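Examination of the molecular architecture
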Amino acid sequence: MKETGNIHGCICEKFGTAYYILEQPNGHAAHCYVTGNCWDGNDAIITARVRGLTDHCCDFVRTDLNTGEEEIICAGRWPEFYVRGGSLYQFWKNKVQKTNIKTMKTEVLWEGEYELSGPISVSEDEKRISVSWCYGDGTTSVGQLNTVTGEHKEVYRGGFAEPFADITHVMVSPQDHNKIFFCHEGTTQYITNRLWMADVDTGYVENILRQRLNEDGNNGECVGHEMWSPDGRGMYFIKYISTTILPRGVWYLDVYTKESRCIASGYDYWHVGVSPDGNLLAADTQIGGNYSDVVLIDQKKGSETPLVSARTNWTHPCHPHPVFNENGSKICFEILSENGNLCVGIIDLAQLKLK
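Residues numbered from 1 in each chain as written. Predicted model: local features only at pLDDT ≥ 70, side-chain atom pairs only at ≥ 80, totals over all residues. Heavy atoms only, no water.

So, the overall build of the protein
Inclusion rule: Only DSSP runs of H or I with at least four residues qualify as helices, and only runs of E with at least two residues qualify as strands; both kinds are numbered from the N terminus onward. Atoms considered for the radius of gyration are the C-alpha atoms alone. The globule rule reads 2.2 Å times the number of residues to the power 0.38. Throughout, exposure labels follow a simple rule: accessible area from a 1.4 Å probe, protein chains only, divided by the maximum for the residue type, with under 20% read as buried, over 50% as exposed, and the rest as partly exposed. What makes two residues a contact is simply this: any of their non-hydrogen atoms within 4.5 Å. Areas reported here follow the Shrake-Rupley algorithm with a probe of radius 1.4 Å; residue values treat only the protein chains shown as occluding.
In terms of regular secondary structure, the protein is built from zero helices and 28 strands. Relative to the compact-globule value of 20 Å for 355 residues, the protein shows a C-alpha radius of gyration of 19 Å, a close match. Dimensions along the principal axes, computed over C-alpha positions, put the protein at roughly 50 × 50 × 35 Å. Burial analysis of the protein (355 residues in total) assigns 56% to the buried set. Nonlocal contacts in the protein, meaning residues at least 24 apart in sequence, comprise 43% of its contacts between residues at least 6 apart. As presented, the protein carries roughly 15000 Å² of accessible surface, and 45% of it is formed by carbon and sulfur atoms.

Some remarks on the layout of surface pockets
The following threshold applies: Within this scheme a cavity is a closed region of a 1 Å grid, computed over the protein atoms alone, that accommodates a 1.4 Å probe without allowing it to escape, whereas a pocket is open but has protein on both sides within 12 Å along at least five of seven lines; lining residues each have an atom within 4 Å of a point. Grid points are joined across faces, edges and corners, and a volume is the space filled by probe spheres set on the points.
Approximately 530 Å³ is the volume found for the largest pocket. Forming the boundary of the largest pocket are 28 residues, of which N37, Y82, R84, M227 and P230 lie nearest the centre. For the lining of the largest pocket, the secondary structure elements donating two or more residues are β7 (81-84), β14 (167-172), β18 (223-228), β22 (269-274) and β26 (323-324). Considering each element in turn, the lining of the largest pocket owes the most residues, three residues, to β7.

With respect to the pattern of salt bridges
The test is simple: What makes a salt bridge here is a side-chain nitrogen of Lys or Arg within 4 Å of a carboxyl oxygen of Asp or Glu, nothing more.
All told, the structure shown has 11 salt bridges when counted by the stated rule. A salt bridge links D293 to K14, with the shortest nitrogen-to-oxygen separation between them at 3.0 Å. Of this pair, D293 sits in strand β24 (residues 291-298) while K14 sits in the loop between β1 (7-11) and β2 (18-22), and the two are 279 residues apart along the sequence. The buried category is assigned to D293, whose relative accessible area is 3%. Between K239 and E221 there is a salt bridge whose closest N-O contact spans 2.4 Å. One end of the pair, K239, is in strand β19 (residues 234-239); the other, E221, is in the loop between β17 (205-207) and β18, and 18 residues separate them in sequence. You can call K239 buried: its relative accessible area is 3%. Three or more residues are tied together by salt bridges with common partners; here these are E185, R194 and E226.

Regarding the side chain of S173
The test is simple: For this analysis, a polar contact is any N or O atom pair within 3.5 Å, provided that within protein one partner can donate a hydrogen and the other can accept it, and provided that sequence-adjacent residues contribute only side-chain to side-chain pairs.
Locating S173 in the fold gives a position in the loop between β14 and β15 (179-184). Accessibility expressed as a relative area gives 1% for S173, which makes it buried. Here the side chain of S173 touches Q175 through a polar contact of 3.2 Å, landing on its backbone nitrogen. Ignoring any residue separated from it by four or fewer positions in sequence, one finds S173 in contact with S123, K179, W228 and G232.

Some words on the sheet that holds strand β12 (residues 140-146)
Where we set the bar: DSSP-based pairing: two strands are paired if at least 2 bridges between them are found. Here, axes are lines fitted to C-alpha atoms. For helices the fit covers the stretch in contact, and angles between N-to-C directions go from 0 to 180 degrees.
Read from one edge to the other, the open sheet built from three strands follows the order β11-β12-β13, with strand pairing classed as antiparallel. The sheet is open, and its two edges are formed by β11 (128-134) and β13 (152-158), each paired on a single side. Direction aside, the axes of adjacent strands within the sheet are offset by 20° on average.

Quick notes on the nonpolar core
Applied cut-off: As used in this record, nonpolar core signifies buried Ala, Val, Leu, Ile, Met, Phe, Trp, Tyr and Cys residues forming a set joined through side-chain atoms within 4.5 Å.
Counting 25 residues, the largest nonpolar core has W39, I45, I46, F60, F81 and C332 as its most contacted members. If you list the elements that add at least two residues to this core, you get β3 (28-30), β4 (44-50), β5 (57-64), β6 (70-77), β7 and β28 (342-348). For this core, the element with the most residues is β4, which contributes four residues. Beyond its immediate sequence surroundings of up to four residues, I45 is in contact with L22, C38, W39, D40, V61, R62, T63, L65, C332 and V344. In terms of nonpolar packing, the next biggest core, distinct from the first, is built from 17 residues, Y19, L280, A282 and I335 among them.

Let's talk about the packing of aromatic side chains
What counts, and what does not: The rule is short: rings of Phe, Tyr and Trp, with Trp giving its six-membered ring, pair when the centres are within 6.5 Å, and they are stacked under 30 degrees, edge-to-face over 60, tilted in between.
Taken as a whole and assessed by the stated rule, the structure comprises 14 aromatic pairs. The interplanar angle of 45° and the centroid separation of 4.6 Å between the aromatic rings of F60 and F81 together place this pair among those described as tilted. Note that F60 is positioned in strand β5 and F81 in strand β7, a separation of 21 residues in sequence. A relative accessible area of 0% means that F60 is categorised as buried.

The following block contains the structure:
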């Protein structure tokens, strides 16, 4: 990576890892949500140059990490974007839009009656996109857009009992066009049926993880922040620090067999990102204070390696949300600069082979 006016190198004082900071002079730079993708290949990244931290309006900017060259792709809103196959997909109010990153030409793929809610997800073949919104009666639409035919299908409309009525995180499977995930949103200590799956063909929905109660009758498995595995066979999720039925940490659920297992429990994990080959994971932590650590998890080796301690204010969009590039050689994450501006940190994993 070339150091320029917007990119400069750093060394993590806590762990000794070298990383780069991508920043916006006199402003804020943010990457995507942890379930999305902001990489255009392996050496270029799309970041949101956020205009205001309350309304999340932004310009999407492509940065070539080899040359430092930057160009504005289009306007939008953080974090409602997903980069796939040379295109930037985003929700813009009630529209699903696709922008060609090279030509910067934008087309509207579908337009509905309600403002869409994210995060947006796109299948690997780019033929399906998650589409969700809230109706006036408080119910939520769970559906998907067929980008080949332009047809939208509402698979399920529903919600949960108050005070935790919301459905969020609607995400199409990266591989199976017949599966859409969604979650029961709310305070995790009280949500005992967080993970749900909808069948596109039949409209059937089911809770796919049976959370257990502890000996006091309270929710013993406080879970959330789900992420599809690249092969579409399962979902990674976090058992939070408030979990009382151990172990806590990063877990994996096979969405076909409904079997789950613990992947890593050495740190107080918060969000988890997955490499394209499905082996490496990158997770941030809830360690308190003003910092969140970014940890690399190698499933084959069974190792958990802390990489960087990232300064945070614990408020969106300043969550580290680690995301891998297309070949799993780099990780980007969110970090606060010393003057309080949002920046995007970038770690080249090649250095780990030298340690």
